[in-house]
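Examination of the molecular architecture
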Amino acid sequence: MKEFLMLFRNESNEGPKPSAEQMQAVLKQWQQWIKKIAAQGRYSGTNRLLSEGKTLKPGKMITDGPFIEAKEMVGGYLIVKANSLDEAVEMAKECPNLIYGGNVEVRRVMTIDDDPSSDGFLNTKEG
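Here is what the cut-offs are and how they apply
Residues numbered from 1 in each chain as written. Predicted model: local features only at pLDDT ≥ 70, side-chain atom pairs only at ≥ 80, totals over all residues. Heavy atoms only, no water. Helix = DSSP H or I, 4+ residues; strand = E, 2+ residues; numbered from the N terminus. Buried < 20%, exposed > 50% of the residue type's maximum accessible area, 1.4 Å probe, protein only. Contact = heavy atoms within 4.5 Å. Core = buried A, V, L, I, M, F, W, Y, C linked by side-chain atoms within 4.5 Å. Polar contact = N/O pair within 3.5 Å; in protein donor to acceptor, adjacent residues only side chain to side chain.

Describing the overall build of the chain
The helix and strand inventory of the chain stands at two helices and six strands. Counting from the amino terminus, helix and strand elements in the chain follow one another as β-α-β-β-β-β-α-β. When the 127 residues of the chain are sorted by exposure, 20% land in the buried category. Partitioning the contacts of the chain with sequence separation of at least 6, the portion at a separation of at least 24 is 72%.

This is the structure in structure tokens:
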């Protein structure tokens, strides 16, 4: 099986924060979804990401946080095992992030041992 990264994005929201009870309900949905993936032997790892950070740009420019220019925030990621991108997308369709207006980007992970010229890793044309 190959590994796929699911990136969880949400609109930057400065509106009202959910209550503790609402957060517990959301957390439970996430835990159930991830446990289902793990029970199938397809779980590799996950973490949430805090909003605090810095972005480095060409010319040694550093900005505070990834949120200054972005409308969306990456809130976390999950790495899963699947036989194909389509199979990983099927797993992502049950992601709780979709219920709350967020989105999920699914991408194949290229390990250091993968041949970048195979499996569509390189999408270049020779001129």
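What about the nonpolar core?
The biggest cluster of nonpolar side chains holds 16 residues, and the ones touching the most others in it are Met6, Phe8, Trp33, Leu78, Val80, Val104 and Val106. For this core, the elements supplying multiple residues, two or more each, are strand S1 (2-11), helix H1 (20-39), strand S5 (72-82), helix H2 (85-92) and strand S6 (103-108). The biggest single contributor to this core is H1, with four residues.

Regarding the environment of Lys93
In this structure, Lys93 sits in the loop between H2 and S6. Once the C-alpha coordinates of Lys93 and Asn103 are considered, the two residues, ten residues apart in sequence, prove to be 9.8 Å apart.

Focus on the environment of Tyr43
Its place among the elements puts Tyr43 in strand S2 (residues 43-48). Along the chain, Tyr43 and Val80 lie 37 residues apart, while their C-alpha atoms are 4.8 Å from each other. Ignoring anything within four residues of it in the chain, the contact list for Tyr43 reads Ile34, Ile37, Ala38, Leu78, Ile79 and Lys81. A distance of 3.4 Å separates a polar side-chain atom of Tyr43 from the backbone nitrogen of Thr46.

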